[in-house]
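Reading the structure
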Amino acid sequence: MSISRNILHLKEIIPENVTLVAVSKFHSPESILEAYEAGQRVFGESRVQEFLEKYEELPKDIKWHFIGHLQTNKVKPLIGKVSLIESVDSERLLELIDRESLKAGVVTDVLLQVHVAMEETKFGFYPEEIIDFFNERRFENLKATNICGIMGMASNTDDISRIKEDFRKIHEIYSEIRNNKDLNLGKFDRLSMGMSGDWQFAVEEGANIIRIGSAIFGERIYP
Ligand SMILES: *Cc1c(COP(=O)(O)O)cnc(C)c1O
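Below is a short write-up of the structure. The structure presented is a predicted model; accordingly, all values stated were derived computationally and were not measured. (Residues numbered from 1 in each chain as written. Predicted model: local features only at pLDDT ≥ 70, side-chain atom pairs only at ≥ 80, totals over all residues. Heavy atoms only, no water.)

As for the side chain of Glu 100
This is how the line gets drawn: Segments assigned H or I by DSSP are reported as helices when at least four residues long, segments assigned E as strands when at least two residues long, and all are numbered from the N terminus. In what follows, residue pairs with any heavy atoms lying within 4.5 Å of each other are defined as contacts.
Positionally, Glu 100 belongs in helix H4 (residues 91–104). Among all residues touching Glu 100, those that are not within four sequence positions of it are Val 75, Lys 76 and Ile 79.

Here it is in structure tokens:
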């Protein structure tokens, strides 16, 4: 199947309230344009340099989500160019995004990444860290950053019950924060989970952003 047909097919089967992020990391600008021509406007990248090159070259009405682990020394060039940083995995990173956004005179939308998967290698806050962060109202120090929700990944396993359990856990954390009216969070309403192999389960468990790469663009060829 071609990229445009993959996009059109996904748009048909994904519920209307769910935002599809086409994860284009490691894929060429030409491939992104093919998806763009099919109507896709939201793309996900995970490496700063690669993102910046594509950002310069591609249409300006694309909404870029940054979804990879972000080193603190690479924050500045992203600010004002990304529409959502989904992968905020430490308070230090959050504070830096806030400082750079303030300096640049923009407000940056972010998601906090939560770690529930069994792999040690996945980045993110542990669930209790996120809950503490909100209960202690540490988000109130932010001046130019909106925390819009939570991003998470399921364990990399064939065990479907474990995948569903991971998504349920991520949804629970999201709901606990969202339903705590004392926090007064405003628009805390985005739950990003699910990739090519597991997005159906994620949507069943309440995801309203899904991040799909290989099911659109084919396998990634890593250099
Ligand atoms: C690469 C990546 C995806 C997309 O993965 P596919 O399996 O190709 O759909 C989604 N989310 C994150 C955080 C990624 O790094």
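Quick notes on the packing of aromatic side chains
Defined as follows: The criterion for an aromatic pair is that two Phe, Tyr or Trp rings (for Trp, the six-membered ring) have centres within 6.5 Å, with stacked assigned to planes under 30 degrees apart, edge-to-face to planes over 60 apart and tilted to the rest. Here's how the labels work: a residue is buried when its accessible area is under 20% of the maximum for its type, exposed when over 50%, partly exposed in between, all with a 1.4 Å probe on protein chains only. Here, over-ring charges are defined by two tests on the NZ atom of lysine or the CZ atom of arginine: distance to the ring centre within 6 Å, and angle to the ring normal within 35 degrees.
Within this structure, the stated rule accounts for seven aromatic pairs. Ring geometry for Phe 51 versus Trp 64: centroids 5.6 Å apart, planes at 75°, classification edge-to-face. Taken together, the residues span a long stretch of sequence, with Phe 51 in helix H3 (residues 48–57) and Trp 64 in strand E3 (residues 63–66) at a distance of 13 residues. With a relative accessible area of 1%, Phe 51 lands in the buried category. We classify Trp 64 as buried; its relative accessible area is 2%. Seen from their ring centres, Tyr 174 and Phe 188 are 5.7 Å apart, and the 25° between their planes marks the pair as stacked. Of this pair, Tyr 174 sits in helix H6 (residues 160–178) while Phe 188 sits in the loop between H6 and strand E7 (190–192); the two residues are 14 residues apart in sequence, bridging distant segments of the chain. Each of the two residues, Tyr 174 as well as Phe 188, counts as buried. Connected via pairs of aromatic rings, a cluster forms that spans Phe 133, Phe 134, Phe 139, Tyr 174 and Phe 188. It is Arg 41 that lies over the ring of Tyr 36; its NZ or CZ is 3.6 Å from the centre. Above the face of the Tyr 55 ring, Lys 60 is positioned so that its terminal group lies 4.6 Å from the ring centre.

A closer look at the site of the ligand
The line we're drawing: What makes a residue near a molecule or strand is one non-hydrogen atom of that residue sitting within 4 Å of it. Any pair of N or O atoms that falls within 3.5 Å is considered a polar contact. Within protein, one atom must be able to donate a hydrogen and the other to accept it, and sequence-neighbouring residues count only if both atoms are side-chain atoms. Working definition of accessibility: Shrake-Rupley area with a 1.4 Å probe, residue cover restricted to the visible protein chains. Three classes are used: nonpolar for Ala, Val, Leu, Ile, Met, Phe, Trp, Tyr, Cys and Pro, charged for Asp, Glu, Lys and Arg, and polar for all others, with Gly counted as polar.
Lining the immediate surroundings of the ligand are Val 23, Lys 25, Ile 67, Met 153, Met 195, Ser 196, Arg 211, Ile 212, Gly 213, Ser 214 and Arg 220. Contacts to the ligand include Arg 211, whose side-chain N or O atom sits 2.8 Å from a nitrogen atom. Arg 220 is positioned with one of its side-chain polar atoms (N or O) 2.8 Å from an oxygen atom of the ligand. About the coverage of the ligand: the protein hides 89% of its 390 Å² of free accessible area. Its residues assigned to classes, the shell around the ligand comprises five nonpolar, three polar and three charged.

Considering the packing of helix H1 (residues 3–13) against helix H2 (residues 29–37)
Note the following rule: Axis angles are defined between N-to-C directions and span 0 to 180 degrees, where every axis is a line fitted to C-alpha atoms and, for a helix, only to the segment in contact. Working rule for angles: under 35 degrees goes down as roughly parallel, over 145 as roughly antiparallel, 65 to 115 as roughly perpendicular, anything else as oblique. Crossings are assigned a handedness: left-handed for a near helix turned anticlockwise from the far helix by less than a right angle, right-handed for a clockwise turn.
Here H1 crosses H2 at 45°, and the two axes come no closer than 8 Å. Here H1 lies oblique to H2, going by the angle between them. As for the relative orientation of H1 and H2, their crossing is right-handed in sense. Residue-level contacts link Ile 3, Ser 4 and Ile 7 of H1 to Ser 31, Glu 34 and Ala 35 of H2. Taken together, the residues of the contact of H1 with H2 sort by class into three nonpolar, two polar and one charged.

Overview of the pattern of salt bridges
Opposite charge on two side chains lets them pair, provided their charged atoms get close. In plain terms, the rule: Put simply, a salt bridge is a Lys or Arg side-chain nitrogen that is within 4 Å of an Asp or Glu carboxyl oxygen.
In total, this model carries 11 salt bridges according to the counting rule given. One salt bridge in this structure joins Lys 103 and Glu 100, with 3.4 Å as the shortest N-O distance. Within this pair, Lys 103 and its partner Glu 100 are both found in helix H4, separated by three residues, close to a single helical turn. Among the ionic pairs, Arg 168 bridges to Glu 205, the shortest N-O distance being 3.7 Å. Here the residue Arg 168 occupies a position in helix H6, and Glu 205 occupies one in the loop between helix H7 (199–204) and strand E8 (209–212), the gap between them amounting to 37 residues. Note on Arg 168: relative accessible area 40%, which makes it partly exposed. What emerges from the salt-bridge pattern is a single network uniting Glu 45, Arg 47, Glu 50 and Lys 54.

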